Amino acid sequence: MRDSTNSITTILFDWDGTLADSAGLGLAAFQKTFAELGVALPLDVYEASYSPNWYATYEALGLPKDRWQRADELWMMHYGQQPADLIAGVAETLLELKQRGYRLGVVSSGSESRVCREIERSDLRDCFQVVICNEHIVNKKPHPEGLEIALRRIGSMNSEAAYVGDAPEDIEMGKQGQVLTVGVRSAYPSSARVLSAKPDLYLESLTELSQHFCQNHLA
């Protein structure tokens, strides 16, 4: 387990739950989608199985594989155009980190159209040097493909990078990608299991990040 942030120059973030307060919107879209498909959505099963790899959630909920694509389409439709707000304090924290010279980026399981729309409508629109979404990868979290693509594009080595997320799969991806891992509490059900993945750092609030990443990397 790594315990020092002094060598970190690049911080990559999960989007949903970590930066964007989208848990309520996501659950409502799941409920409408499964109702339209005529499949039950027991809340306890959803909470126990929720994953950034939503196909694992579909499988746990008993949705036949041949209906997964339709479920994706319905979820996007029901989530709609309403953007998720940033979690309180996130904008101020990331803008401060950027001002200190950290290179910032997003590695998300979400769709590019939705995530980029939400970023563009937020105070973080000019904050990120790279945004990697579901369409850019073949292998879903916890596979480190998305993280590896982001590091190549941003020009950083894994030894100088950290990944911040609210789910066990985020931490597992970071470990497989050999970066510093930071777990954060969120409103998503998977967040209750993030400590079990043993992140290098754990935060009750993302606003605590600026206390740990306080180096000035400006030339």
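Residues numbered from 1 in each chain as written. Predicted model: local features only at pLDDT ≥ 70, side-chain atom pairs only at ≥ 80, totals over all residues. Heavy atoms only, no water.

**Digging into the overall build of the chain**
Counting its regular elements, the chain contains nine helices and six strands. Reported as C-alpha extents along the three principal axes, the dimensions of the chain are approximately 55 × 35 × 30 Å. Among the 219 residues that make up the chain, the fraction classed as buried is 53%. Entry remark: accessible area of the chain is about 10,000 Å², with carbon and sulfur atoms responsible for 49%. One finds the centroid of the 20 positive side-chain charges in the chain at a distance of 3 Å from the centroid of its 30 negative side-chain charges. (Helix = DSSP H or I, 4+ residues; strand = E, 2+ residues; numbered from the N terminus. Buried < 20%, exposed > 50% of the residue type's maximum accessible area, 1.4 Å probe, protein only. Areas by Shrake-Rupley, 256 points an atom, 1.4 Å probe, with all protein chains shown as cover. Lys, Arg positive; Asp, Glu negative; His and termini not counted. Charge placed at Lys NZ, Arg CZ, Asp CG, Glu CD.)

**Structural notes on the environment of Leu-180**
Mapped onto the elements of the fold, Leu-180 is located in strand β5 (residues 180-184). Relative accessible area serves as the criterion here: at 1%, Leu-180 is assigned to the buried category. For the pair formed by Leu-180 and Met-77, sequence separation is 103 residues and the distance between their alpha carbons is 36 Å.

**Comments concerning the layout of surface pockets**
In this model, the largest pocket occupies a volume close to 400 Å³. Forming the walls of the largest pocket are 26 residues, and the residues nearest its centre are Trp-54, Trp-75, Ser-109, Gly-110 and Arg-114. Elements supplying a minimum of two residues to the lining of the largest pocket: α1 (23-37), α3 (54-60) and α4 (68-79). For the lining of the largest pocket, the leading source of residues is α4, giving four residues. Split by residue class, the lining of the largest pocket holds 10 nonpolar, nine polar and seven charged. (1 Å grid on protein atoms, 1.4 Å probe; cavity = no way out; pocket = protein on both sides within 12 Å on 5 of 7 lines; lining within 4 Å. Points joined across faces, edges and corners; volume = space filled by probe spheres on them. Nonpolar A, V, L, I, M, F, W, Y, C, P; charged D, E, K, R; others polar.)

**Some words on the pairing of strand β4 (residues 161-165)**
Among the five residues in β4, five count as buried, and that is most of the element. Two elements, strand β1 (residues 10-13) and β4, share four bridges in a ladder whose sense is parallel. The residue bridging Phe-13 from the neighbouring strand is Val-164, located in β4. As for the winding sense of the linkage, the β-α-β connection from β4 through helix α8 (residues 168-176) to β5 is right-handed. (Pairing = 2+ DSSP bridges. Right-handed = clockwise from strand over helix to strand, strands pointing away.)

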